[in-house]
Amino acid sequence: MFVLVDEREIVTSGYASAFEREGFATLELHAEELDDWLAVAPGSDLEAVEGFLIGAGEARGTFPGLIRNRCADTPIIVLEDKPSLETTLDFFTAGVDDVLRKPVHVKEILARVGAIRRRTLAEDEKVESGPIQVFFDGRDPIVGGEDMMLPRRERRILEYLVRNTGRRVTKSQLFNAVYGVMNEEVDECVVESHISKLRKKLRIRLGYDPVESTRYIGYMLKAGQPTQGAPKLADGKKVAPVAWAPIKEMKTSSNKKLELVNS
């Protein structure tokens, strides 16, 4: 989700429509509403924010500080109608990550936010979700305590899902994370193929499928793991249940041995 802050509703609604076409949800705030929303928004909502876009507003010079108090690492981008060197330097001093001159395409905004997040995440050693650990420096993930070699596309999908554990992401979001928002030569349907292969590998390694899929809504990596489940073999496969035939009757032979007769 992207938070759009501007005192002009026509601006926020226009960008909201553009983000929706790219598969991203938005929250539109008037410039006077940002402070109050940051004060009352629950942590789960703030964690879902992928970036703040700051447009026109009387007190917008204070917005970066307000945002950093609640969202220390979330990208902040200022959209300027007529940027100047002085205002640009002031915004960078206040803590924003980028200043863009309007008009700017949403795909460029997404590309810049992705670059900012990659630099931020590269500083973290790893991100964990239950038995899955992912890295952002090109290393293969650790799944179930062992390295799992994955093709680059599947690894990027797993990294994105782990980073968004417990939150649903759309096929478009996964596509953008894997192929880049400006790639128009690949069909989004290839994401389904990558996810299918990834889920099969995870299921073999973990003994269960950690990815929940909802038609028309998206995918979500479930936090933790099932409390109960079938036992697993050394290769991670589940032990198939044994189908026993019911006992029809029990007879005692002359030598006192028990004979079980199946139906």
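Residues numbered from 1 in each chain as written. Predicted model: local features only at pLDDT ≥ 70, side-chain atom pairs only at ≥ 80, totals over all residues. Heavy atoms only, no water.

A short note on the overall build of the protein chain
And step 1. Secondary structure assignment for the protein chain yields 9 helices and 13 strands.
And step 2. Expressed as a percentage of its 263 residues, the buried residues of the protein chain come to 40%.
And step 3. Taking the intrachain contacts of the protein chain between residues at least 6 apart in sequence as the baseline, contacts between residues at least 24 apart amount to 53%.
And step 4. Counting every atom, the protein chain has about 15,400 Å² of accessible surface; 50% of that belongs to carbon and sulfur. (Helix = DSSP H or I, 4+ residues; strand = E, 2+ residues; numbered from the N terminus. Buried < 20%, exposed > 50% of the residue type's maximum accessible area, 1.4 Å probe, protein only. Contact = heavy atoms within 4.5 Å. Areas by Shrake-Rupley, 256 points an atom, 1.4 Å probe, with all protein chains shown as cover.)

Observations concerning the pairing of strand 3 (residues 51-54)
And step 1. Neither face of strand 3 is left uncovered, since the one carrying Gly51 and Leu53 and the one carrying Phe52 and Ile54 both have all their residues buried.
And step 2. Where strand 1 (residues 2-5) lies against strand 3, 4 bridges are found, and the strand directions are parallel. Note on strand 3: the bridge partner recorded for valine 3 is phenylalanine 52.
And step 3. Across 3 bridges, strand 3 lies against strand 4 (residues 76-80) in parallel orientation. Bridge assignment links isoleucine 54 to a residue of strand 4, and that residue is valine 78.
And step 4. Following the backbone out of strand 3, through helix 4 (residues 63-70) and into the adjacent parallel strand 4, one traces a crossover that is right-handed. (Pairing = 2+ DSSP bridges. Right-handed = clockwise from strand over helix to strand, strands pointing away.)

Digging into the nonpolar core
And step 1. Among the nonpolar cores identified, the biggest contains 24 residues, and Ile132, Ile157, Leu158, Leu161, Val162, Leu174 and Leu202 are the most heavily contacted of them.
And step 2. Elements represented by at least two residues in this core include exactly strand 7 (132-134), helix 7 (152-163), helix 8 (171-179), helix 9 (190-206) and strand 11 (218-221).
And step 3. Sequence-distant contacts of leucine 174, defined by excluding residues within four places in its chain, comprise Ile157, Tyr160, Leu161, Val169, Val191, Ile195 and Tyr219.
And step 4. Counting 20 residues, the second-largest nonpolar core is a separate cluster that includes Val49, Ile54, Cys71 and Phe91. (Core = buried A, V, L, I, M, F, W, Y, C linked by side-chain atoms within 4.5 Å.)

A word on helix 1 (residues 9-21)
And step 1. Taking 1.5 Å of rise per residue, the 13 residues of helix 1 would be expected to cover 18 Å, and the 18 Å separating its terminal C-alpha atoms lies within 8% of that figure.
And step 2. Among the residues of helix 1, Val11, Thr12, Tyr15, Ala16, Ala18 and Phe19 are the ones counted as buried. The arc that holds every buried residue of helix 1, seen down its axis, measures 165 degrees, which confines them to one face. Exposed positions of helix 1 whose direction lies more than 90 degrees from the buried face are Glu9, Ile10, Glu20 and Arg21. (Expected span 1.5 Å × (residues − 1). Arc of directions from axis to C-beta.)

Concerning the environment of arginine 155
And step 1. With respect to the helices and strands, the residue arginine 155 is situated in helix 7.
And step 2. Separated by 19 residues in sequence, arginine 155 and phenylalanine 136 have C-alpha atoms that sit 9.8 Å apart.
And step 3. Here arginine 155 is in contact with Gly138, Arg139, Asp140, Pro141 and Leu150, once residues within four sequence places are set aside.

Considering the environment of isoleucine 67
And step 1. With respect to the helices, strands and loops of the structure, isoleucine 67 is situated in helix 4.
And step 2. Between the C-alpha atom of isoleucine 67 and that of alanine 39, which follows or precedes it by 28 residues, the distance is 9.9 Å.

Regarding unusual backbone geometry
Excluding glycine, a negative phi dihedral is what most residues carry, and trans is how most peptide bonds are arranged.
And step 1. The step from lysine 102 to proline 103 runs through a cis peptide bond, and the omega angle for that step is 0 degrees.
And step 2. Along the chain, proline 103 falls in the loop between strand 5 (98-101) and helix 6 (106-122).

Structural notes on the pattern of salt bridges
And step 1. This model, assessed by the stated rule, comprises 14 salt bridges.
And step 2. Across the pair lysine 102 and aspartate 81 runs a salt bridge, and its minimum N-O distance is 3.2 Å. Highlighted residues: lysine 102 in the loop between strand 5 and helix 6 and aspartate 81 in the loop between strand 4 and helix 5 (85-94), separated in sequence by 21 residues.
And step 3. Overall, the relative accessible area of 17% leaves lysine 102 in the buried class. (Salt bridge = Lys/Arg side-chain N within 4 Å of Asp/Glu carboxyl O.)

A closer look at the confidence of the model for the protein chain
The predicted coordinates ought not to be read in detail in places where the model reports low pLDDT.
And step 1. Across the protein chain, the average pLDDT comes to 80, with 78% of residues at or above 70.
And step 2. With pLDDT under 50 throughout, residues 229-234 is counted as low confidence; its partners more than four residues away or in other chains account for 12 contacts. (pLDDT = per-residue confidence, 0-100.)

Re the packing of aromatic side chains
Aromatic ring pairs are defined here through the distance separating the ring centres and the angle between the ring planes.
And step 1. Using the criterion set out here, one finds 1 aromatic pair in the structure.
And step 2. Considering the side-chain rings of phenylalanine 2 and phenylalanine 19, the 4.7 Å spacing of their centres and the 25 degrees angle between planes classify their relative orientation as stacked. Residue phenylalanine 2 is located in strand 1, and its partner phenylalanine 19 is located in helix 1; the two are separated by 17 residues in the primary sequence.
And step 3. Directly above the ring of phenylalanine 135 sits arginine 139, whose terminal nitrogen or CZ lies 3.9 Å from the centroid. (Phe/Tyr/Trp six-rings, centres within 6.5 Å; stacked < 30°, edge-to-face > 60°. Lys NZ or Arg CZ within 6 Å of the ring centre and 35° of its normal.)

A closer look at the environment of aspartate 35
And step 1. Structurally, the position occupied by aspartate 35 is in helix 2 (residues 34-40).
And step 2. Separated by 32 residues in the primary sequence, aspartate 35 and isoleucine 67 place their C-alpha atoms 8.5 Å from one another.

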